[in-house]
Amino acid sequence: MKSTLLPAYAPVSTFRSPGDAHRTTPEQHTLGVVTFTDGWARPRLRDGHPEVGLHLAGSSGDGFAEVWISPRPVTGGEFGDITYGHDGEYVFCATHIPETADYPTATETAYSALLELLTSLGYPQIFRIWHYMSDINADSPRGMEVYREFCVGRAKVLERHGMSHDMPAATVIGAHGGGIFLYLLACRGGTQVNIENPRQVPAYHYPSKYGPKSPNFARATYFAPDGPGRIFVSGTAAILGHQTMHHGDVERQCRLALGNIAQVIGTGTLSAYDLEPGHGLADLDQIKVYVRRTEDMDRVRRICREYFAPTADIVFLNADICRSDLLVEIEGIVARTGSS
Ligand SMILES: C=C(O[C@@H]1C=C(C(=O)O)C=C[C@H]1O)C(=O)O
């Protein structure tokens, strides 16, 4: 998917302490805030911009906030269950699906509303989307895993809109409570290239043994306004082809997840999309590392430190992952320098 209306700045996020999340300056406006703390809060407008609270931290001391910043004034709004902030170039939207016995229908409703809002506001191009859900690996009353039920609802909407193979980088990961929280970034236009990993089957072609409807996301999304671009790397795990590798071995799973990211952002993959130069793991920032078992946390931290830049924003979160045999998942953003 490529288009050419040119926004003039690239969206930027920082990780801050929750208490510092709403700090602004005359040059820095807030497009959206996501807090990762020891409780959840449905999306709402706060000081004119959206804020959503995810229950991902173990205790009140280790939370953080992901803050999306704009150089332009932000207008906040609400549309049904969606809270949004937009600045003329980008929109940040957040919505919440309360715990329900019917996630397929609830997901369908939420996704439909999001697409309707993006069209009516004039920001049709989604370039990154995150979902956090409680009980992700639990069975629904129909006996299907919650994640798989979510995939059914999502796929239905995207099929209807002809977008099944067009979705950008995404994350679907566990949360400690609250149902499903979804937030996204979209824009009026800009160059966008959704990138696949040659070592992995595209998620939308996963075989049906992983669920009746395949997930819809790209392994990474390159997005460039009129200036330096960014590569948004999806939640990435120890999957080769479509198979989970290294069952039960967190160290090898972690190294494979890192290897998959290195593959996606490396020269070999990017050159196939005319996006040279490539990058390495040391170029990744705004990194979130999700670890299923708290006892693996220190080990995963040590491995990640071998690869990531010491200056990178990086957080380690205890969370369940979309397949119950996955122990670790990693996402991040590469900010490119130069003109592409
Ligand atoms: C880990 C994987 O998928 C996860 C699920 C996603 C989704 O359903 O949108 C996106 C990225 C990951 O959080 C994978 O299939 O490789």
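Residues numbered from 1 in each chain as written. Predicted model: local features only at pLDDT ≥ 70, side-chain atom pairs only at ≥ 80, totals over all residues. Heavy atoms only, no water.

What should I look at first to understand the overall build of the chain in this one?
For the chain, the count of helices and strands is five helices and 19 strands. The C-alpha atoms of the chain give a radius of gyration of 18 Å, which matches the 20 Å a tight globule of 340 residues would have. When the backbone C-alpha atoms are referred to their principal axes, the chain occupies close to 50 × 45 × 45 Å. The proportion of buried residues among the 340 residues of the chain is 58%. Considering only intrachain contacts with a sequence separation of at least 6, the fraction spanning at least 24 residues in the chain is 75%. (Helix = DSSP H or I, 4+ residues; strand = E, 2+ residues; numbered from the N terminus. Rg over C-alpha atoms; globule rule 2.2 N^0.38 Å. Buried < 20%, exposed > 50% of the residue type's maximum accessible area, 1.4 Å probe, protein only. Contact = heavy atoms within 4.5 Å.)

What should I look at first to understand the side chain of Thr 95 in this one?
The topology assignment puts Thr 95 in strand 8 (residues 90–97). A residue is classified by how much of its surface remains accessible, and Thr 95, at 3% relative accessible area, is buried. There is a polar contact of 3.1 Å between the side chain of Thr 95 and the backbone oxygen of Asp 81. If we ignore the near neighbours within four places in the chain, the residues touching Thr 95 are Pro 43, Asp 81, Ile 82, Leu 114, Ile 180, Phe 181 and Leu 182. (Polar contact = N/O pair within 3.5 Å; in protein donor to acceptor, adjacent residues only side chain to side chain.)

Looking at this model, I keep getting lost on the pattern of salt bridges. Mind explaining?
As a working rule, side chains carrying opposite charge can pair if their charged atoms are close by. Across all of its chains, the model carries 20 salt bridges by this definition. Ionic pairing is found between Arg 23 and Asp 20, a salt bridge with its closest N-O pair at 2.9 Å. We classify Arg 23 as partly exposed; its relative accessible area is 42%. Here Glu 108 and Lys 156 are joined by a salt bridge, their closest N and O atoms 4.0 Å apart. Here Glu 108, found in helix 1 (residues 103–121), pairs with Lys 156, found in helix 2 (residues 146–160); they are 48 residues apart in sequence, far enough to count as distant. Its relative accessible area of 18% is what places Glu 108 among the buried residues. If you follow the salt bridges from partner to partner, you end up with Glu 66, Arg 128, Lys 288 and Glu 331 in one network. (Salt bridge = Lys/Arg side-chain N within 4 Å of Asp/Glu carboxyl O.)

Please clarify how the layout of surface pockets should be interpreted in this entry.
Unfilled space is identified by rolling a water-sized probe across the atoms. Estimates place the volume of the largest pocket at around 380 Å³. Lining the largest pocket we find 27 residues, and of these Tyr 206, Ile 239, Cys 322, Arg 323 and Leu 326 sit closest to its centre. Listing elements by their share of the lining of the largest pocket, those giving two or more residues are helix 2, strand 10 (169–175), strand 14 (230–236) and strand 16 (243–244). Partitioned by chemical class, the residues of the lining of the largest pocket number 12 nonpolar, seven polar and eight charged. (1 Å grid on protein atoms, 1.4 Å probe; cavity = no way out; pocket = protein on both sides within 12 Å on 5 of 7 lines; lining within 4 Å. Points joined across faces, edges and corners; volume = space filled by probe spheres on them. Nonpolar A, V, L, I, M, F, W, Y, C, P; charged D, E, K, R; others polar.)

Please clarify how the site of the ligand should be interpreted in this entry.
Every one of the 14 residues lining the ligand counts as a neighbour, but Tyr 147, Arg 154, Tyr 206, Arg 219 and Glu 329 are closest to it. Between Arg 154 and the ligand, the recorded distance is 2.7 Å, taken from a side-chain N or O atom to an oxygen atom. The side chain of Tyr 206 places a nitrogen or oxygen atom 2.6 Å from an oxygen atom of the ligand. Notes on the ligand: free accessible area 390 Å², of which the protein chains cover 100%. Given that more than half its atoms are within 2 Å of the pocket grid, the ligand belongs to the largest pocket. Counting residues per element, the ones that place at least two in the shell around the ligand are helix 2 and strand 10. It is strand 10 that provides the largest number of residues to the shell around the ligand, a total of three residues. Split by residue class, the shell around the ligand holds nine nonpolar, two polar and three charged. (Near = heavy atom within 4 Å. Areas by Shrake-Rupley, 256 points an atom, 1.4 Å probe, with all protein chains shown as cover. Sits in = over half its atoms within 2 Å of the grid points.)

I keep staring at the UniProt feature "domain: Chorismatase FkbO/Hyg5-like N-terminal" (unreviewed entry) in the chain and nothing clicks. Help me out?
Per the UniProt record, "domain: Chorismatase FkbO/Hyg5-like N-terminal" (unreviewed entry) is found at residues 66–186. Secondary structure across residues 66–186 divides into 28% helix and 39% strand, with the first and last C-alpha atoms of the span separated by 17 Å. (UniProt positions renumbered as here; feature names shortened; annotations may be inferred.)

I tried to follow helix 1 on my own but got confused; where do I start?
The periodicity of an α-helix, 3.6 residues per turn, causes residues three or four positions apart to be oriented the same way. With 19 residues, helix 1 ought to run about 27 Å at 1.5 Å a step, and its terminal C-alpha atoms sit 26 Å apart, in line with that. Buried residues of helix 1: Tyr 103, Pro 104, Thr 107, Glu 108, Ala 110, Tyr 111, Leu 114, Leu 115, Leu 117, Leu 118 and Leu 121, and no others. For helix 1, the elements touching its buried residues are strand 6 (75–79), strand 7 (82–86), strand 8, strand 9 (125–134), helix 2 and strand 11 (180–187). Phi turns positive, to about 90 degrees, at Gly 122, one or two residues after helix 1. (Expected span 1.5 Å × (residues − 1).)

Where do I start with empty space enclosed by the protein in this structure?
For the structure shown, the criterion picks out one cavity of 30 Å³ or more. Roughly 50 Å³ of volume is contained in the largest cavity. Around the largest cavity sit Ser 13, Phe 15, Glu 66, Trp 68, Arg 128, Trp 130, Gln 286, Lys 288, Glu 331, Gly 332 and Ile 333, which together line it. With three residues, strand 19 (residues 328–335) is the single largest residue contributor to the lining of the largest cavity. Broken down by class, the residue content of the lining of the largest cavity amounts to four nonpolar, three polar and four charged.

Looking at this structure, I do not really get the side chain of Thr 244. What am I missing?
Tracing the chain through its elements places Thr 244 in strand 16. Among the polar contacts made by the side chain of Thr 244, one reaches the side chain of Arg 323 at a distance of 3.0 Å. Polar side-chain contacts of Thr 244 include one of 3.0 Å to the side chain of Asp 325. In contact with Thr 244, other than residues within four places in its own chain, are Ala 238, Ile 239, Gln 253, Arg 323, Asp 325 and Leu 326.

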